[in-house]
Amino acid sequence: MSSFARVHHVTPLQRQSVARTLRTPSWLKTEVLGALVVGLALIPEAIAFSVIAGVDPQVGLFAAALMAMTLAFVGGRPAMISAATGATALVMAPLVASHGVNYLIAAVILAGVFQIGLGAVGFARIMRFVPRSVMVGFVNALGILLFIPQLEELIDVPWAVYPIAAVALLIVFGLPRITTAVPAPLLVILLLTPVVVLLGLNVPTVGDKGKLPDSWPQLIVPDVPYTLDTLQIIAPFALTMAVVGIMESLMTAKLVDDITDTPSNKTRETWGQGVGNVVSGMFGTMGGCAMIGQTMINVRASGARTRISTFLSGLFLLLLVVLLGEIVGMIPMAALAAVMIFVAWATFDWHSIRPSTLRRMPLSETVVMLVTVAVTVATHNLALGVAAGVLAAMIGFARRVAHVVTVDRTVTPDDAAVATYRVRGELFFASSNDLYTQFHYAEDPATVVIDFSESHIWDASTVAAVDAVTDKYRSHGTTVKIQGLNLPSRRMRARLSGTLS
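Draft legend 1. Highlighting the overall build of the chain. Tallying secondary structure elements over the chain gives 20 helices and 6 strands in all. Viewed in the frame of its principal axes, the chain has a C-alpha envelope of about 105 × 60 × 50 Å. Put simply, the chain has 501 residues, and 55% of those count as buried. Counting contacts in the chain only where the partners sit at least 6 residues apart, residues at least 24 apart contribute 82% of the total. Total accessible area on the chain is roughly 22,200 Å²; 65% of this is exposed by carbon and sulfur atoms. When the 33 positive and 30 negative side-chain charges of the chain are each reduced to one mean point, those points stand 10 Å apart.

Draft legend 2. Representation of the side chain of Asp 467 within the structure. In this fold, Asp 467 is placed in helix 19 (residues 460-475). Although Asp 467 is buried, it forms no salt bridge, and the closest oppositely charged side chain is Arg 493 at an N-O distance of 4.4 Å. Not counting residues up to four positions away in its chain, the partners in contact with Asp 467 are Arg 493, Leu 496, Ser 497 and Gly 498.

Draft legend 3. Main features of unusual backbone geometry. Backbone geometry at Ala 79 places phi at a positive 75°, although glycine is not the residue there. Among the structural elements, Ala 79 can be located in the loop between helix 4 (57-74) and strand 1 (82-83). Phi is positive for Asp 156, which is not a glycine, with a value near 55°. Mapped onto the elements, Asp 156 comes out in the loop between helix 7 (132-151) and helix 8 (161-174). Overall, Asp 156 belongs to the exposed group, its relative accessible area being 77%.

Draft legend 4. Quick peek at helix 10 (residues 228-260). In this model helix 10 runs 46 Å from its N-terminal to its C-terminal C-alpha over 33 residues, within 8% of the 48 Å that 1.5 Å per residue would give. Largest kink in helix 10: about 40°, centred on Ile 234, with the proline Pro 236 one to four residues after it. Phi for Asp 261, located one or two positions after helix 10, is positive at around 60°.

Draft legend 5. Inspection of the environment of Ala 120 at higher detail. Within the element layout of this structure, Ala 120 appears in helix 6 (residues 101-120). On the accessibility criterion, Ala 120 (68% relative accessible area) is exposed. As for Ala 120 and Arg 424, which are separated by 304 residues in sequence, their C-alpha atoms are 40 Å apart.

Draft legend 6. Structural detail: the sheet that holds strand 3 (residues 406-411). The strand order 3-4-5-6 describes an open sheet built from 4 strands, whose pairing is mixed. Looking along the sheet, the strands with just one partner apiece sit at the ends: strand 3 and strand 6 (479-483). In this sheet, neighbouring strand axes are inclined to one another by 20° on average, regardless of whether the strands run parallel or antiparallel. The pairing of strand 4 (residues 418-427) with strand 5 (residues 447-457) spans 9 bridges and is classified as parallel. Paired with Thr 420 across the bridge in strand 5 is Val 449. Across the face of the sheet, helix 19 comes into contact with strand 4, strand 5 and strand 6 while running at roughly 175° to strand 5.

Cut-offs used in this document
Residues numbered from 1 in each chain as written. Predicted model: local features only at pLDDT ≥ 70, side-chain atom pairs only at ≥ 80, totals over all residues. Heavy atoms only, no water. Helix = DSSP H or I, 4+ residues; strand = E, 2+ residues; numbered from the N terminus. Buried < 20%, exposed > 50% of the residue type's maximum accessible area, 1.4 Å probe, protein only. Contact = heavy atoms within 4.5 Å. Areas by Shrake-Rupley, 256 points an atom, 1.4 Å probe, with all protein chains shown as cover. Lys, Arg positive; Asp, Glu negative; His and termini not counted. Charge placed at Lys NZ, Arg CZ, Asp CG, Glu CD. Salt bridge = Lys/Arg side-chain N within 4 Å of Asp/Glu carboxyl O. Expected span 1.5 Å × (residues − 1). Bend = angle between axes of the 7 residues up to and from the residue. Pairing = 2+ DSSP bridges. Axes fitted to C-alpha atoms, helices over the stretch in contact; angles between N-to-C directions.

Shown next, in the form of structure tokens:
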């Protein structure tokens, strides 16, 4: 793990304690400085996501601040940063283009309501079905997606950008090898911003991304007709945003769990995201979900571990853009790009692509990881990438399990011959698909026993396959006896047998 992450040398329980952190100056300093770096880094990204969604910069900036401050209290993963994100902006952009900002606000509030409901019914339990190979692919895709946008800040730009970026990269990669007393990203911003201003260098700055707000967010009521037609318009966008936001947040929470060796409450995070979006929407913003990039800055680069950093990052962002907008606008984009390049590098799981790792890893696991990365990078949608990875893993698992079912045949040698088939393995749609072909219908004697004592029937496909076998034997005038079914298998067959064709 990067030396950035080794700031708190404490137990997992201590890391999660807000009270203990408030009593420990060195830990509190880490939280405050980490939050300040995140607050600064959120500014250009929130503005960029506002552009993607087709709204004013302040809509994304206020969303980032409100999401972070709200999730600090109701979220299930301490130190995780939630704000306006690219994935949710992409979901909402068509709605803004077709119906305007007020429909966006109504959809954000409805998305929050959906998320609260999904949290109540235990939607977070889907994380059990996300295998490690998908998680690795998710992390690697995030690293790539974090890196690619930074290239835009380094191509077709004034020559002065390149020395600034070089110095910034040298600091963020080199300083942690010397000291972690001050977060390297913060030092980059504090050092290079005055240099650019004093030398009068003509380089892109945060202010070039859009006008920063000069007033505080205010409660509003979305100006839309409160009719069924409006609900039909916003509901598909709201539901998509809710599911995408939950998936990204839970995946990010799981990643932070691994980095910090501490657990999180996934159910609380699910409904907490909903509360955050409801609050965000009520203030006329675009909502959001967990942000992997800013979370990595906070947790890995700065070493923050508690809700203090989450709350302060939103508060600092709000104060910076409203009170110090002119100064914040002077920060060179090259400096922030260097910080994000380091985060991208630190996020990518380099161990997963080492030749020694690839040689040991089963081919199917590597394929699942590559599918997750490819779909995520191609679509810029983490939810689609994870869904594709899980689907690939399920197909691979089904193929492997399908070949572990065996059917052994024995025939008694006496005059009252009986053929006995012993079926071994887990029987479901994939493994039972060829069950029908494993029997010698024309060659078997008048009585056949099929023993399922070493197997389990899991689905209707298997019941249908067993029915097909017994029907085939009866067409040959053969008596079939089924034995050895365990209680769940016996109940399923009794309920479904004879009703599937």
